[in-house]
Amino acid sequence: MATSNALRIEAELASAPIAFIDLAAQQARIRPQIDRAIASVLDEGNYIMGAQVEALEQTLAAFAGATHCISCANGTDAIQLVAMAEGIGRGDAVFVPSFTFMSTAEAIAIDGATPVFVDVLPDTFNMDPASLQRGIDEAERLGLTPRMVIAVDLFGQPADYLTIGEIAQRERMILIADAAQSFGAKSGNARVGTLADYTTTSFFPAKPLGCYGDGGAIFTEDAGKAEILRSLRAHGKGRDKYDHLRIGINSRLDTLQAAILIEKMSIYPLEVVTRDAIARLYSLKLAAHVDVPVVAEPNTSVWAQYTLRLPAGRSRAAFIESCKQDGVPTAIYYPTPLHRQIAYRGYPCDPAGCPVSESLSARVVSLPMHPYIDEETLDRVVAAVIRALG
């Protein structure tokens, strides 16, 4: 009877659904600290721009090695605030990779500037510098003024900021690192937050460093721009909330979210190490079967997603269904490149097109990734992937 029960329990565990991102496991680890942090905010009653907001900004800046950190309401606002601080508007071209989430382009288009879509590299999924140069030439041909590049650090690793930065400098453009998925990663000895003129990030709950609502931040070395950004996030205020120096927006990080993020930062460095170890195990076990992610030297990645490229011609729908039958969730980031989205079809694109973005959109699939995957669960995922591949 005991043996029978043990086999039944083992079978139930083997068939139990796997979390794609297990926020509950992380919360269980630090729940007492989170509860105390929330209670402290409730006791103090400073729900907007409480002391925890500045404390978090100092913590984030120190972690990233940046001089200034300006928190805000979300990652999309972070990009829009930078564009506002730099006076980006009508007639200006801003270069954005097509293979990413739409908020990168949305934050630019909403204020009247023109996003110009460029392609990505097939191995790192990050912006292709050659496509960027073609996009710049196309923008100038259309009579637009090249003003800004937003290099998205897709799935957790930095873009090629050395090459992209040289192009931006030569063309006198501002360079933003959209680090919504890469905060905590490095390029050589430099951590994300110091690789571009500005770095923006997101604290959406599913991000590697996420809060329990929405949030974002901007990093810069420019003290003057930092002050402008602080003004812009609070309706363009000056000396006080009834003194307005400029037109701004309402984009302040809630004190509760800041308090939660401070507690999460206490374990985040270890989570980054654990994420990398899990990704390495995935790659070790899957490299003989499918195209696994590539991290370019001298980068590290925080593995916001662990994304495979299925073989050309393989049915992604069948692969996903097979994994689902084994209790393994998957996700597609991203099924349609931005230059093919209805909202953005009227905007310029690299004249050579974005064939890599289109190919990746048809082939990529992401596996469960978070710091609390144990090896037994990882082996279940690997086995399901190999079965799905036939």
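1. Points about the overall build of the chain
Phase 1 of the analysis: Within the chain, the regular secondary structure consists of 13 helices and 11 strands.
Phase 2 of the analysis: Each principal axis of the C-alpha distribution contributes one length, and for the chain these read about 75 × 60 × 40 Å.
Phase 3 of the analysis: In the chain, 73% of the contacts between residues at least 6 apart in sequence involve partners at least 24 apart.
Phase 4 of the analysis: Total accessible area on the chain stands at roughly 16700 Å², and carbon and sulfur atoms take up 53% of it.
Phase 5 of the analysis: Of the charged side chains in the chain, 34 are positive and 45 negative, and the gap between their average positions amounts to 2 Å.

2. With respect to the sheet that holds strand β3 (residues 114–118)
Phase 1 of the analysis: Taken together, the seven strands give an open sheet; going across it, the order is β1-β9-β8-β5-β4-β2-β3, and neighbouring strands pair in mixed fashion. The two strands at the open ends of the sheet, each matched to only one other strand, are β1 (68–72) and β3. Geometrically, the sheet is characterised by an average inter-axis angle of 25° between neighbouring strands, direction not taken into account.
Phase 2 of the analysis: Packed onto the sheet, helix α3 (residues 51–64) meets β1 and β9 (216–220) and runs at close to 130° relative to β1.

3. Quick look at the environment of L310
Phase 1 of the analysis: Locating L310 in the fold gives a position in the loop between β10 (306–309) and α11 (316–325).
Phase 2 of the analysis: You can call L310 buried: its relative accessible area is 1%.

4. Digging into the nonpolar core
Phase 1 of the analysis: L60, F95 and V149 are the most contacted members of the largest nonpolar core, which totals 45 residues.
Phase 2 of the analysis: Counting residues per element, this core draws most heavily on α3, at six residues.
Phase 3 of the analysis: Not counting residues within four places of it along the chain, the set of residues in contact with V149 comprises F95, M127, L132, I164, A168, M173, I174, L175 and I176.
Phase 4 of the analysis: Membership of the second largest hydrophobic core comes to 31 residues, among which are M148, I150, A226 and L338.

5. Quick look at the pairing of strand β2 (residues 92–97)
Phase 1 of the analysis: Counted residue by residue, β2 has six buried out of six residues, so it is predominantly covered.
Phase 2 of the analysis: The two faces of β2 match: D92, V94 and V96 on one face and A93, F95 and P97 on the other face are all buried.
Phase 3 of the analysis: With four bridges connecting them, β2 and strand β4 (residues 145–152) associate as parallel partners. Across the sheet, the residue bridging to V94 is M148, located in β4.
Phase 4 of the analysis: When β2 meets β3, the two strands line up parallel, connected through five bridges. Pairing of V94 across the sheet is with P115, part of β3.
Phase 5 of the analysis: In this view, the connection linking β2 to its parallel neighbour β3 by way of helix α5 (residues 103–109) has right-handed handedness.

6. Regarding unusual backbone geometry
Phase 1 of the analysis: Of the consecutive residues E297 and P298, the connecting peptide bond is found in the cis state with omega at 0°.
Phase 2 of the analysis: With omega at 15°, the peptide bond leading from Y333 into Y334 counts as cis.
Phase 3 of the analysis: Tracing the backbone shows Y334 in the loop between α11 and α12 (355–363).
Phase 4 of the analysis: The phi dihedral of F155 falls on the positive side, at around 65°, and the residue is not glycine.
Phase 5 of the analysis: The topology assignment puts F155 in the loop between β4 and α7 (161–170).
Phase 6 of the analysis: F155 sits in the buried class, given a relative accessible area of 5%.
Phase 7 of the analysis: In the Ramachandran plot, R172 falls in the positive-phi region, its phi being about 55° despite a non-glycine side chain.
Phase 8 of the analysis: Turning to its location among the elements, R172 is positioned in the loop between α7 and β5 (174–178).

7. Description of the packing of α11 against helix α13 (residues 375–389)
Phase 1 of the analysis: In the contact formed by α11 and α13, the axes pass within 9 Å of each other and the chain directions differ by 140°. Relative to α13, the element α11 is oriented oblique. Crossing handedness for the pair α11 and α13: right-handed. The segment α11 lies against α13, with F319, S322 and C323 engaging A384, V385, R387, A388 and L389.

Rules used in this analysis
Residues numbered from 1 in each chain as written. Predicted model: local features only at pLDDT ≥ 70, side-chain atom pairs only at ≥ 80, totals over all residues. Heavy atoms only, no water. Helix = DSSP H or I, 4+ residues; strand = E, 2+ residues; numbered from the N terminus. Contact = heavy atoms within 4.5 Å. Areas by Shrake-Rupley, 256 points an atom, 1.4 Å probe, with all protein chains shown as cover. Lys, Arg positive; Asp, Glu negative; His and termini not counted. Charge placed at Lys NZ, Arg CZ, Asp CG, Glu CD. Pairing = 2+ DSSP bridges. Axes fitted to C-alpha atoms, helices over the stretch in contact; angles between N-to-C directions. Buried < 20%, exposed > 50% of the residue type's maximum accessible area, 1.4 Å probe, protein only. Core = buried A, V, L, I, M, F, W, Y, C linked by side-chain atoms within 4.5 Å. Right-handed = clockwise from strand over helix to strand, strands pointing away. Parallel < 35°, antiparallel > 145°, perpendicular 65-115°, else oblique. Left-handed = near helix turned anticlockwise from the far one by under 90°.

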